[in-house]
Amino acid sequence: MVSNPNSSRTYATPDFEVVGEAENGEQAISQVEALQPDVVLMDVRMPIVDGVAATKAITQQFPLVKVLIITTFDDDKYIFQGMRFGAKVYLLKDTPLEDLTNTIRLVHSGHTHFGPGFFERLMAPTLEATSAETYTPPPELEELTPREKEVLQLIASGASNREIAASLLITERTVKNHVTNILTRLNLRDRTQAAIFANK
């Protein structure tokens with residue numbers, strides 16, 4: 001459990017303060033109630049109450065607390081349940097420390113973030129259901145890389161380059177390069193046309 005970046009205590013990452021630890025989901029809920037942390041790093045498989053159930057309880061009882069699920073289990077079921085119950089992040093434990101600490105800062109400032117490839121997996125059931133009814137994805141989408149597809153979806157949601165960069169943990173310059181490639185490959189004039197294209 002991590003306090004906000006204004007901590008006076010010094011750790012390996014000096015702008016964080018670790019205020020508590022828990023061995024199971026039940027303890028995690030109690031610790032959140034007692035300590036009121038800004039951010040909780042939540043494992044998935046824990047005794048007594050698992051991490052997904054603990055995430056649901058924490059986000060319902062303490063809506064200002066932001067939960068990051070970080071686990072060894074790269075399992076769609078846990079991803080879907082964790083995000084549905086209010087987790088702001090789903091990352092694997094092999095995520096580099098620098099990426100993890102940057103993600104904690106982003107979530108603390110109000111962003112949501114998915115680990116590599118998770119965004120497409122979350123979108124897949126929606127796209128499949130829509131496709132089965134009336135929608136066939138434009139063939140031009142196959143010209144885009146997985147990262148460019150993520151950028152396109154974020155453009156369609158109205159995100160700015162800065163917000164896209166924060167969400168995907170890349171630089172704004174990289175985002176601009178992706179946007180240029182998207183417009184070129186889809187033969188579009190600007191990001192407004194890209195958003196319209198993505199929402200067809």
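We now turn to the structure provided with this report.

Calculation criteria
- Every chain is numbered on its own, with residues counted from 1 as its sequence reads.
- At least 70 in pLDDT is required for a residue's local features to be given in this predicted model, at least 80 for side-chain atom pairs to be given and counted, and no such filter applies to totals for whole chains, interfaces and linings, which use all residues.
- As a convention, hydrogens and water are excluded, and side-chain values are obtained from all of the structure's heavy atoms.
- Helix and strand assignments come from DSSP, with helices taken as H or I runs of at least 4 residues and strands as E runs of at least 2, each series counted from the N terminus.
- Here the term buried applies to any residue with accessible area under 20% of the maximum for its type, exposed to any over 50%, and partly exposed to those in between, with areas from a 1.4 Å probe on protein chains only.
- Residues are treated as being in contact if the distance between any of their heavy atoms lies within 4.5 Å.
- The Shrake-Rupley method, run with a 1.4 Å probe, gives the accessible areas here. Residue values count only the displayed protein chains as cover.
- Comment: arc refers to directions from the helix axis out to C-beta atoms.
- Residues adjacent in sequence count toward polar contacts only when both atoms are side-chain atoms; beyond that, a polar contact is any pair of N or O atoms within 3.5 Å, and within protein one must be able to donate a hydrogen and the other to accept it.
- All axes are obtained by fitting lines to C-alpha atoms, using only the stretch in contact for helices, and the reported angles, taken between N-to-C directions, cover 0 to 180 degrees.
- When describing relative orientation, an angle under 35 degrees is termed roughly parallel and one over 145 degrees roughly antiparallel, while 65 to 115 degrees is termed roughly perpendicular and anything else oblique.
- Any residue that is not Ala, Val, Leu, Ile, Met, Phe, Trp, Tyr, Cys, Pro, Asp, Glu, Lys or Arg is counted as polar, Gly included; the first ten are nonpolar and the last four charged.
- Grouping buried Ala, Val, Leu, Ile, Met, Phe, Trp, Tyr and Cys residues that are joined through side-chain atoms within 4.5 Å yields what is termed a nonpolar core.
- For this document, the term salt bridge refers to a Lys or Arg side-chain nitrogen within 4 Å of an Asp or Glu carboxyl oxygen.

## Side note on the overall build of the protein chain
Then, number 1: A count of helices and strands for the protein chain gives nine helices and four strands.
Then, number 2: Mapped in sequence order, the helices and strands of the protein chain form the string α-β-α-β-α-β-α-β-α-α-α-α-α.
Then, number 3: Counting over 200 residues, the protein chain shows a buried share of 42%.
Then, number 4: The long-range share in the protein chain, meaning contacts at least 24 apart out of those at least 6 apart in sequence, stands at 57%.
Then, number 5: Total accessible area computed for the protein chain in this model is approximately 11,100 Å², and 50% of it derives from carbon and sulfur atoms.

## Thoughts on helix α1 (residues 25-35)
Then, number 1: Along α1, the residues that are buried comprise Gly25, Ala28, Ile29 and Val32. Viewed along the axis of α1, the buried residues span an arc of 100 degrees, placing them on a single side of the element.
Then, number 2: In the core, the buried residues of α1 are packed alongside β1 (39-42) and α2 (51-61).
Then, number 3: The distance from a side-chain oxygen at the start of α1 to the backbone nitrogen of glutamate 26 is 3.0 Å, and the residue carrying that oxygen is asparagine 24.
Then, number 4: One or two residues past the end of α1 sits glutamine 36, with phi positive at roughly 50 degrees.

## Quick look at the packing of helix α6 (residues 146-156) against helix α9 (residues 191-198)
Then, number 1: Running from amino to carboxyl end, α6 crosses α9 at an angle of 100 degrees, the nearest separation of the two axes being 8 Å. By the angle between their directions, the pair α6 and α9 is classed as roughly perpendicular. Residue-level inspection shows Leu152, Ile155 and Ala156 of α6 in contact with α9, the latter providing Arg191, Ala194, Ala195, Phe197 and Ala198.
Then, number 2: Split into classes, the residues belonging to the contact of α6 with α9 amount to seven nonpolar, no polar and one charged.

## Brief notes about the nonpolar core
Then, number 1: Formed by 22 residues in total, the largest nonpolar core has its most connected members in Val151, Leu152, Ile155, Ile164 and Leu186.
Then, number 2: Where this core is concerned, the elements lending two or more residues are α6, α7 (161-168), α8 (172-186) and α9.
Then, number 3: Sequence-distant contacts of leucine 186, defined by excluding residues within four places in its chain, comprise Glu140, Leu141, Leu144, Leu152 and Phe197.
Then, number 4: Residues Met42, Val49, Ile58 and Val65 belong to the second largest nonpolar core, which totals 20 residues.

## Here's the deal with the environment of glutamine 153
Then, number 1: In this fold, glutamine 153 is placed in helix α6.
Then, number 2: The spacing of glutamine 153 and alanine 194 is 41 residues in sequence and 9.2 Å in space, taken between C-alpha atoms.

## Concerning the pattern of salt bridges
Then, number 1: Per the counting criterion, the structure on display carries four salt bridges.
Then, number 2: Across the pair glutamate 172 and arginine 162 runs a salt bridge whose closest N-O atoms are separated by 3.6 Å. Of this pair, glutamate 172 sits in helix α8 while arginine 162 is found in helix α7, placing the two residues 10 residues apart along the sequence.
Then, number 3: Looking at glutamate 172, the relative accessible area reads 32%, which means it is partly exposed.
Then, number 4: With a closest N to O distance of 3.5 Å, aspartate 190 and arginine 189 form a salt bridge.
Then, number 5: Judged by its relative accessible area of 26%, aspartate 190 falls in the partly exposed class.
Then, number 6: Taking relative accessible area as the criterion, arginine 189 reaches 65% and is therefore assigned exposed.

## Quick notes on the packing of α6 against α8
Then, number 1: Taken N-terminus to C-terminus, the directions of α6 and α8 make an angle of 95 degrees; their axes are 10 Å apart at the nearest point. By the angle class used here, α6 and α8 are roughly perpendicular. Contacts from Arg147, Glu148, Val151, Leu152 and Ile155 in α6 reach His178, Val179, Asn181, Ile182, Arg185 and Leu186 in α8.
Then, number 2: A breakdown of the residues in the contact of α6 with α8 according to their chemical character gives six nonpolar, two polar and three charged.

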